[in-house]
Structure formats: structure tokens, C-alpha cells
Amino acid sequence: MTDLLTNFHTILQRIQVCEQKYHRTTGSVSLLAVSKTHAPTLIATLHDAGQQSFAENYLQEALVKISALQEKRLIWHYIGPIQSNKAKEIAQNFSWVQTVCRLKEAKLLSQYRAFNESPLNICIQIKLDDNPKKSGISLEEAPTLVDSLQSMPHLKLRGLMTIPPLVEDFERQREYYREVCNLFTTLNAYGAQLDTLSMGMTHDFEAAIAEGATIIRIGTGLFGPR
Ligand SMILES: *Cc1c(COP(=O)(O)O)cnc(C)c1O
């Protein structure tokens, strides 16, 4: 527990340092705690220390935690793959879905979200290599999906999310993130009104902040190894 809180304050501190170093507005980068595989008690501890937003990859595991922590009013993000037969539960139990990459699944999410007054916040997941095993759509295909999502009544398209290929070199990390940020800027220049760039994980979030991330998704850096 003490480690968790120490890690939490260290990450917040590093975010602040990066914001200054890369001339980002203070408070423009927010921390999303990736709590997959970790117990509800740890999530509660972090929430009591001031963390509001949490992310999960596996639906069944997430539903157990969401229900266990109902009173706490956490903001839950879904960051796992979307299967059509899970779309209903995803749309009805989360505030955000960051892994949309197909029109078909977006339509299902919108349809099932209809019961709720607030639209589901959406990020489109961008893939930066052509590995068929990885999810996401290419930079080239994204604008068409952006157009389609903007007319869906129960979705609110907030921005882009990415998991770049794993590289050690800081400048290489920045190059990947810069590609996504350039697309974000272009889409907004054409009127998309996006406000979210979800990019950066434990090993590379500083490069992501340097390139404009507004949400960094941290698991290991907070909770330790899975
Ligand atoms: C697990 C996961 C993270 C967190 O990764 P860490 O390296 O543990 O910080 C971030 N984003 C996604 C999509 C994940 O699946």
C-alpha cells in the first residue's frame, strides 16, 4: 500500500516535471490508472488518495470491480479489445471506450448506450505498424472512421489512442507519438473538435507528453509488475 502511494506521487511529480520541460500547460496531462489484474482494495486506496480514473482490459474482471466499487464513483475506461457480443456490457458500464477501430462495433456501442443520458466517450485506436495481430486502424484509414463516429447520437468522439511498437530510444518513441499528434492536429484543423490524445505507458510516457499526450495510461508504474 505504501509503495502504491509512493509510486502514485512519484508519477504525478514526473508528469508535472514533463509538463514544464516540454512547455505543456500545467494540468493538461491526466493520469489514467490501469488497474487490470489488481485488486479492488488497491483501486480504493488510490482513489482515496485522489485518483479518479481507472482503466481495465478484460470485461468480466472489470465488471466485478466496477460493481464492488460502485459507491466510490470512479470513472472507468475500457481499453481492451471489443467483441461484438460484449458491446452491450461495455457500453453500459464504462464512461469511456478507448479502443474503437471498426464502424460495426461503434454502431453497437451507440445503440446500447442509448439508455443512458450521457454519451459514451470514445477514442479511436491507431495502429502504427502493419502487424495483423495488433488492433487499431492505420493513420490513413482513421479520418473516414472519425467522420462516421461524429454522426452517432450516443457516442462522443474525444480523440485518438495508440500503443506504438516497443522501442527503447527516446527519440524513436517521440517519432511514433508525433505521427499520431500530427493526425490529431489535422483532424482538428478540419473541424473535428477532438480534445484527447491517449498515449504513453510506464516505459515511455515522457516521450508521449513531449508530443502532446493528454492522457497517459499507467499500470506497472503505479501497481508494480503484473
Ligand atoms: C496494460 C496497458 C497499459 C499499462 O501498461 P504499463 O506498461 O503497465 O503501464 C496501458 N495501455 C493499455 C492499452 C494496456 O493494455
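Residues numbered from 1 in each chain as written. Predicted model: local features only at pLDDT ≥ 70, side-chain atom pairs only at ≥ 80, totals over all residues. Heavy atoms only, no water.

1. A few points about the site of the ligand
Lining the immediate surroundings of the ligand are 13 residues, of which K36, N57, T202, T220 and R226 lie closest. At 2.7 Å, a side-chain N or O of K36 approaches an oxygen atom of the ligand. A distance of 2.6 Å separates an oxygen atom of the ligand from a polar atom in the side chain of T220. In a pocket analysis with a 2 Å cut-off to the grid points, the ligand is assigned to the largest pocket. Of the residues assigned to the shell around the ligand, the class counts are 6 nonpolar, 4 polar and 3 charged. (Near = heavy atom within 4 Å. Polar contact = N/O pair within 3.5 Å; in protein donor to acceptor, adjacent residues only side chain to side chain. 1 Å grid on protein atoms, 1.4 Å probe; cavity = no way out; pocket = protein on both sides within 12 Å on 5 of 7 lines; lining within 4 Å. Sits in = over half its atoms within 2 Å of the grid points. Nonpolar A, V, L, I, M, F, W, Y, C, P; charged D, E, K, R; others polar.)

2. Focus: the layout of surface pockets
For the largest pocket, the calculated volume is near 650 Å³. Contributing to the lining of the largest pocket are 34 residues, with N57, I79, Q125, M161 and I163 lying nearest its centre. Here the lining of the largest pocket is built from residues that sort into 14 nonpolar, 10 polar and 10 charged. Put simply, the second largest pocket is a space of about 300 Å³. (Points joined across faces, edges and corners; volume = space filled by probe spheres on them.)

3. Things to note about helix α5 (residues 103–113)
Every buried residue belonging to α5 is among E105, A106, L108, L109, S110 and R113, and all of these are buried. Here the buried face of α5 lies against α4 (87–93), β4 (96–100), β5 (120–126), α6 (142–149) and β6 (155–162). (Buried < 20%, exposed > 50% of the residue type's maximum accessible area, 1.4 Å probe, protein only. Helix = DSSP H or I, 4+ residues; strand = E, 2+ residues; numbered from the N terminus. Contact = heavy atoms within 4.5 Å.)

4. A closer look at unusual backbone geometry
Although it is not a glycine, H23 sits at a positive phi angle of roughly 55°. Mapping H23 onto the fold places it in the loop between α1 (2–21) and β1 (30–34).

5. Structural notes on the packing of aromatic side chains
Here the structure, examined in full by the defined rule, presents 2 aromatic pairs. The interplanar angle of 45° and the centroid separation of 6.0 Å between the aromatic rings of F54 and W76 together place this pair among those described as tilted. Here F54 is found in strand β2 (residues 53–56), whereas its partner W76 is found in strand β3 (residues 75–78), with 22 residues between them in sequence. In this pair, the class of F54 matches that of W76, namely buried. Judged by centre distance (5.2 Å) and plane angle (70°), the rings of Y78 and F94 are edge-to-face. (Phe/Tyr/Trp six-rings, centres within 6.5 Å; stacked < 30°, edge-to-face > 60°.)

6. Let's talk about the nonpolar core
Formed by 68 residues in total, the largest nonpolar core has its most connected members in L109, L149 and L222. For this core, the leading source of residues is helix α7 (residues 170–189), giving 7 residues. Among residues more than four places away in sequence, those in contact with L222 are L4, N7, F8, I11, L31, A33 and L46. Of all hydrophobic cores here, the second largest spans 8 residues; its members include I79, W96, M161 and I215. (Core = buried A, V, L, I, M, F, W, Y, C linked by side-chain atoms within 4.5 Å.)

7. Let's talk about the pattern of salt bridges
Counted according to the given criterion, the structure contains 10 salt bridges. Note that K134 and D129 form a salt bridge whose closest N and O atoms lie 3.4 Å from each other. Judged by its relative accessible area of 35%, K134 is partly exposed. We note a salt bridge from R178 to E211, for which the minimum N-O separation is 3.1 Å. Remark: E211 occurs in the loop between α8 (205–210) and β8 (215–218) and R178 occurs in helix α7; sequence separation between them is 33 residues. A relative accessible area of 33% places R178 in the partly exposed class. Salt bridges here are not isolated pairs; linked through shared partners, they connect E56, E61 and K65. (Salt bridge = Lys/Arg side-chain N within 4 Å of Asp/Glu carboxyl O.)

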